[in-house]
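Notes for the structure review
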Amino acid sequence: MTILVTGATASVGRLLVDELVAAGAPVRALTNQPARAALPPEVEVARGYLGKPETLPAALAGIDTVYLAPLPAYVDDFVRCARDAGVRRVVVLSGEPADYEAQGDPSTWHYYRIERAIEAAGFDWTFLRPGQFMNNTLDWAPSIKADSVVRAPYAGAVQTPIDLADIAAVARVVLLSSAYDGQKITMSGPEGLTPPEQVAAVAEAIGREVRFEELTPQEYLDGLAPVIGLETAQWLLDGFRMMAEHPMKPEPAVVEVTGRPGTTYREWAFSNVGAFRHDRGREGNSA
């Protein structure tokens, strides 16, 4: 039975397509730009996007199982179209904060809004709840290239970042087995790290010193709020504060589901070294 992967050219979805193809599973990929998707030739391409509900009926035709990328504003449209199409199973890329969100005002729900809608609709479901992505630290690249420095608040905040490839590997196993139906799978990387420890791993990978400078909470807000808005900047700051007060601990889901250990941040840093190097030619032999 063909699996529909929504968000098939997004960060996790594209990796998941390759995982499913490698496993020999038939895949239909939902993408808004098929010509630029660079999908494997054996993948069936459906032109569309979750944010364009009118494209969903054709994409969902004949589909039993869906990997649902997180787009909460359109989850009700997806539910309606999926039920009309006879979809049975939905595996949701949710997020670790879902239970925390559930305790707050419904107007603030993001991941929990999706989970609640999918569960209420009566699908067989599995919710994948990763924490911070290792890729988030690619935001450090400009300051590392320019000044060999990373500036962030709460140097003692302990995170457990996860590689996108590990999320995709877990999703592949779950999509291909009903054994995980009804489970909320919280996942993380294999280790707890502070920002300075992550910076040290990047420095080792690129072969030169990178300093970590701790910002005060107000300095962080002053620098970020004009770029992404005060509300979002405050939300990020609160997350750093919570991880400093309540250090995160690694979750075993990646190894339990896939049978292999998760990617360490150091391994990820070496795999992405080019993103942090200013002069790849000059530093090409330093790793």
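Residues numbered from 1 in each chain as written. Predicted model: local features only at pLDDT ≥ 70, side-chain atom pairs only at ≥ 80, totals over all residues. Heavy atoms only, no water.

Another point: the sheet that holds strand β4 (residues 65-68). Reading across from one edge, β3-β2-β1-β4-β5-β6-β8 is the order of the 7 strands in this open sheet, with parallel pairing throughout. Strand pairing shows two members of the sheet lacking a second neighbour, β3 (44-47) and β8 (184-187), which therefore form its edges. Within this sheet the neighbouring strands show an average axis-to-axis angle of 20°, counted without direction. The strands that helix α1 (residues 11-22) touches are β1 (3-5), β2 (27-31), β4 and β5 (89-93); relative to β1, the one it contacts most, it runs at about 155°. (Pairing = 2+ DSSP bridges. Helix = DSSP H or I, 4+ residues; strand = E, 2+ residues; numbered from the N terminus. Axes fitted to C-alpha atoms, helices over the stretch in contact; angles between N-to-C directions. Contact = heavy atoms within 4.5 Å.)

Attention shifts here to the environment of Met134. Structurally, the position occupied by Met134 is in the loop between β6 (124-130) and α6 (141-147). With 94 residues separating them in the primary sequence, Met134 and Ile228 have C-alpha atoms 20 Å apart. In this structure Met134 touches Pro161, Ile162, Asp163, Thr263, Thr264, Tyr265 and Trp268, once residues within four positions along its chain are discounted.

A few words on helix α7 (residues 164-175). Side chains that are three or four residues apart share a direction in an α-helix, a result of its 3.6 residues per turn. Here α7 contains 12 residues, and its C-alpha end-to-end distance of 16 Å stays within 8% of the 16 Å for a straight helix at 1.5 Å per residue. For α7, the tally of buried residues reaches 10 of 12 residues, placing the bulk of the element in the interior. Among the residues making up α7, those that are buried are Leu164, Asp166, Ile167, Ala168, Ala169, Val170, Ala171, Val173, Val174 and Leu175. (Expected span 1.5 Å × (residues − 1). Buried < 20%, exposed > 50% of the residue type's maximum accessible area, 1.4 Å probe, protein only.)

Another point: the nonpolar core. Counting residues in hydrophobic clusters, the biggest one holds 33 residues, and the most contacted among them are Val5 and Met187. Going through the elements one at a time, β1, α1, β2, β5, α7, β8 and α11 (253-258) are the ones with two or more residues in this core. In this structure, Met187 is in contact with Leu128, Arg129, Pro130, Gly131, Ile162, Ile167, Val170, Glu251, Ala253 and Val254, ignoring residues within four places of it in sequence. In terms of nonpolar packing, the next biggest core, distinct from the first, is built from 26 residues, Leu4, Leu30, Leu50 and Phe127 among them. (Core = buried A, V, L, I, M, F, W, Y, C linked by side-chain atoms within 4.5 Å.)

So, on to the packing of aromatic side chains. Inspection of every chain in the model, using the stated rule, returns 5 aromatic pairs. Here the aromatic rings of Trp125 and Phe127 are separated by 4.1 Å at their centres, their planes lie at 10°, and the arrangement is stacked. Take Phe127: its relative accessible area is 0%, and that puts it in the buried class. An aromatic cluster is built from Tyr265, Trp268 and Phe276, whose rings are joined through pairwise contacts. (Phe/Tyr/Trp six-rings, centres within 6.5 Å; stacked < 30°, edge-to-face > 60°.)

Turning next to empty space enclosed by the protein. Picture a little ball the size of a water molecule; that probe, rolled over the atoms, points out where space is still empty. Enumeration over the complete set of coordinates arrives at 1 cavity of 30 Å³ or more. Within this model, the largest cavity holds a volume of roughly 40 Å³. Lining the largest cavity are Leu50, Leu68, Ala69, Leu71, Tyr74, Val75, Phe78 and Ile114. Split by residue class, the lining of the largest cavity holds 8 nonpolar, no polar and no charged. (1 Å grid on protein atoms, 1.4 Å probe; cavity = no way out; pocket = protein on both sides within 12 Å on 5 of 7 lines; lining within 4 Å. Points joined across faces, edges and corners; volume = space filled by probe spheres on them. Nonpolar A, V, L, I, M, F, W, Y, C, P; charged D, E, K, R; others polar.)

With respect to burial, β2 is a largely interior element, 5 of its 5 residues being buried. On the question of chirality, the crossover connecting β1 to the parallel β2 by way of α1 is right-handed. Pairing analysis gives 4 bridges linking β2 to β3, with the strands arranged parallel. Bridged to Ala29 within β3 is Val45. (Right-handed = clockwise from strand over helix to strand, strands pointing away.)

Okay, helix α5 (residues 111-120) next. Listing the buried residues of α5 in full gives Tyr112, Ile114, Glu115, Ala117 and Ile118. Taken together, the buried residues of α5 touch β4, α3 (75-85), β5, α4 (98-102) and β6. Following α5 by one or two positions, Gly122 adopts a phi angle in the positive range, close to 90°.

Right, let's talk about the packing of α1 against α7 for a bit. Viewed as axis vectors pointing N to C, α1 and α7 meet at an angle of 50°, and their least axial separation amounts to 8 Å. Taken as axis vectors, α1 and α7 run oblique relative to one another. Here the hand of the crossing between α1 and α7 comes out right-handed. Two secondary-structure elements touch here, α1 through Ser11, Val12, Leu15, Leu16, Glu19 and Leu20 and α7 through Leu164, Ala165, Ile167, Ala168, Ala169, Ala171, Arg172 and Leu175. Grouping the constituent residues of the contact of α1 with α7 by class yields 11 nonpolar, 1 polar and 2 charged. (Parallel < 35°, antiparallel > 145°, perpendicular 65-115°, else oblique. Left-handed = near helix turned anticlockwise from the far one by under 90°.)

The next thing to look at is unusual backbone geometry. If you check the backbone angles, Ser148 has positive phi at about 55° while not being a glycine. In this structure, Ser148 sits in the loop between α6 and β7 (149-153). Its relative accessible area of 23% is what places Ser148 among the partly exposed residues. Even without being a glycine, Tyr154 presents a positive backbone phi close to 55°. In this fold, Tyr154 is placed in the loop between β7 and α7.

Purely spatial values, then, with no claim about function.
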